[in-house]
Amino acid sequence: MVTAVTNLGRSGLYDWLVQRVSGVILLAWFSIIGTYIGMNGDMSHAQWQAFFGQTWMQVLSVAAVLSIGVHAWIGLWCVLTDYLTTRMIGANGNVIRGIASAVCGVTLFTYMIWGLQIVWVG
Amino acid sequence: MLQVSIYRYNPETDKEPYMQDLEVDTGGKDMMVLDVLELLKGEDPSITYRRSCREGVCGSDGMNINGKNGLACITHLSDTVKNNKLVLRPLPGLPVVRDLVVDMSLFYQQYEKIQPYLQNNTPAPAIERLQSPEERAKLDGLYECILCACCSTSCPSFWWNPDRFIGPAGLLQAYRFLADSRDTATEERLANLDDPFSVFRCHNIQNCVNVCPKGLNPTRAIGHIRTMLLQRGA
Ligand code: SF4
Ligand code: SF4
Ligand code: FES
């Protein structure tokens, strides 16, 4: 039996909404970066840094990093509760899923903090 | 001669399931898959499967035919046989009772969860609860389901969480009652579906739509439920 205690929000609807919204933010972020790179073929490091240094880009980047965090967590939670369950891998399923969730959670959290540091502190 | 490969398993005598290869003389006729099974059973009465109406109404002979779930009684050989080969397996994802017969308990438990009956807390009128033709039309494409389980057993989300994900068949019926103008339990019904598993394990894979022998569209019904949950949450 799989329980829902480790999912992010209170309800399936909430998770679903967060997933859509974070998806849109990520799409916007990647599109902007893609367009910028496309328009500035030969870019210097200084130029790149200036681009990320603008306040609006910093705000958007912070939103993107947070979005990656929650988006990945909800996605991974779905995958883990599909495949790492007592039904799929036997009696230890819940323990193994707990460990895997913890590893994913810690990794994601570390990347988020690191990412925030890069885009905000520079 | 048609080459038939059929899944065999008798838990009383077999250690493991196996595929048995047989040949059937169809006389060149484009019969139904169920007719082939009847011919085979004439030779070997131990071959086990469910069937009743033999015309796509009862939903008992859902099985996996050449890799696709369907009703044996309304699947023409010409629709499924390629290279003269017919492979018959039980519906995937459910425990096998014997040969092509699966244990449908999990499927029915999910159906039971959505409370598949009309609920109305207003006093019963003298004759009957009326519906306008427009209100009645909303039930088209929903009420025709025969609970054959072809859809739910083709859905990966149902394979992985058959105890918590309602599955396409159950959700189609959930929406059938959500859409019924005579039903007053809409709020309770939605509240029961708002966990991360019941509805939201559907990832729009659309296998269910692809296999439904009655041509129904569970994915669309699930989309409607999601919209109702959104409006309720807003
Ligand atoms: S929706 Fe179609 S495939 Fe699913 S149980 Fe009903 S009739 Fe069968
Ligand atoms: S659309 Fe949803 S219910 Fe249908 S097969 Fe895909 S995941 Fe399952
Ligand atoms: S035997 Fe009734 S649906 Fe096929």
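The preceding data block contains the structure.
Residues numbered from 1 in each chain as written. Chains lettered and ligands numbered in written order. Predicted model: local features only at pLDDT ≥ 70, side-chain atom pairs only at ≥ 80, totals over all residues. Heavy atoms only, no water.

1. Remarks on the overall build of chain A
- Helix and strand counts for chain A come out as five helices and zero strands.
- Listing the helices and strands of chain A from first to last along the sequence gives α-α-α-α-α.
- Computed over its C-alpha atoms, the radius of gyration of chain A comes to 18 Å, more than 25% above the 14 Å expected for a compact globule of 122 residues.
- Taken over the C-alpha atoms alone, chain A extends approximately 55 × 25 × 25 Å along its principal axes.
- A buried classification covers 34% of the 122 residues belonging to chain A.
- Summed over its atoms, the accessible surface of chain A is roughly 7300 Å², and 72% of this surface lies on carbon and sulfur atoms. (Helix = DSSP H or I, 4+ residues; strand = E, 2+ residues; numbered from the N terminus. Rg over C-alpha atoms; globule rule 2.2 N^0.38 Å. Buried < 20%, exposed > 50% of the residue type's maximum accessible area, 1.4 Å probe, protein only. Areas by Shrake-Rupley, 256 points an atom, 1.4 Å probe, with all protein chains shown as cover.)

2. Considering the packing of aromatic side chains
- Per the stated rule, a full pass over the model turns up 13 aromatic pairs over all chains.
- Their ring planes at 5° and their centres at 3.7 Å tell us that Tyr36(A) and Phe51(A) sit as a pair that is stacked. Placement of the pair is Tyr36(A) in helix α1 (residues 12–39) and Phe51(A) in helix α2 (residues 45–53), with a sequence separation of 15 residues.
- Exposure remark for Tyr36(A): the relative accessible area of 15% places this residue in the buried category.
- What makes Phe51(A) buried here is its relative accessible area of 6%.
- When the ring of Phe51(A) is compared with that of Phe52(A), the centres are 5.5 Å apart and the planes differ by 75°; the resulting orientation is edge-to-face. Residue Phe51(A) shares its accessibility class with Phe52(A), and that shared class is buried.
- The structure contains a cluster of three or more aromatic residues connected by ring pairs, namely Tyr36(A), Trp48(A), Phe51(A), Phe52(A) and Trp56(A).
- Positioned above the aromatic ring of Tyr49(B) is the side chain of Lys41(B), whose terminal nitrogen or guanidinium carbon lies 5.7 Å from the ring centre.
- Between Arg176(B) and the ring centre of Phe177(B), over which it is positioned, the NZ or CZ distance is 4.3 Å. (Phe/Tyr/Trp six-rings, centres within 6.5 Å; stacked < 30°, edge-to-face > 60°. Lys NZ or Arg CZ within 6 Å of the ring centre and 35° of its normal.)

3. Notes on helix α1 (residues 33–43) of chain B
Residue and element names in this part refer to chain B.
- Those residues of α1 lying buried are Val 33, Leu 34, Val 36, Leu 37 and Leu 40. Buried residues of α1, viewed axially, fall in a sector of 155°; they line one side.
- Each element contacted by the buried residues of α1 is listed here: β1 (2–8), β2 (18–24), β3 (62–65), α2 (77–80) and β5 (85–89). (Arc of directions from axis to C-beta. Contact = heavy atoms within 4.5 Å.)

4. Notes on the site of ligand 1
- Inspection of the region around ligand 1 gives Cys145(B), Ile146(B), Leu147(B), Cys148(B), Ala149(B), Cys150(B), Cys151(B), Ala169(B), Leu172(B), Cys212(B), Pro213(B) and Lys214(B) as its neighbouring residues.
- Its residues assigned to classes, the shell around ligand 1 shows 11 nonpolar, no polar and one charged. (Near = heavy atom within 4 Å. Nonpolar A, V, L, I, M, F, W, Y, C, P; charged D, E, K, R; others polar.)

5. Focus on the nonpolar core
- In terms of nonpolar packing, the biggest core is built from 64 residues, with Val36(B), Leu37(B), Leu86(B), Leu88(B) and Ile225(B) touching the most fellow members.
- Non-local contacts of Ile225(B), meaning those with residues more than four positions away in its chain, are made with Leu171(B), Ala174(B), Tyr175(B), Leu178(B), Leu193(B) and Val199(B).
- Leu26(A), Phe51(A), Met57(A) and Ala64(A) belong to the second-largest nonpolar core, a separate cluster that totals eight residues. (Core = buried A, V, L, I, M, F, W, Y, C linked by side-chain atoms within 4.5 Å.)

6. Examining the interface of chain A and chain B
- Listed as interface residues are 17 residues of chain A and, on the opposing side, 18 residues of chain B.
- When chain A packs against chain B, close to 1600 Å² is buried across both sides, 63% of that on carbon and sulfur atoms.
- Our count for the chain A to chain B interface comes out at two salt bridges.
- For Arg201(B), the salt bridge goes to Asp82(A), with nearest N and O atoms at 2.8 Å.
- Taken together, the links from chain A to chain B amount to eight residue pairs in polar contact (both at pLDDT 80 or more).
- Of all the secondary structure elements, the ones that give two or more residues to the side of chain A that touches chain B are α1, α3 (55–83) and α4 (86–89) of chain A.
- No other element matches the five residues that α3(A) contributes to the side of chain A that touches chain B. (Buried area = accessible area lost by both parts, 1.4 Å probe. Salt bridge = Lys/Arg side-chain N within 4 Å of Asp/Glu carboxyl O. Polar contact = N/O pair within 3.5 Å; in protein donor to acceptor, adjacent residues only side chain to side chain.)

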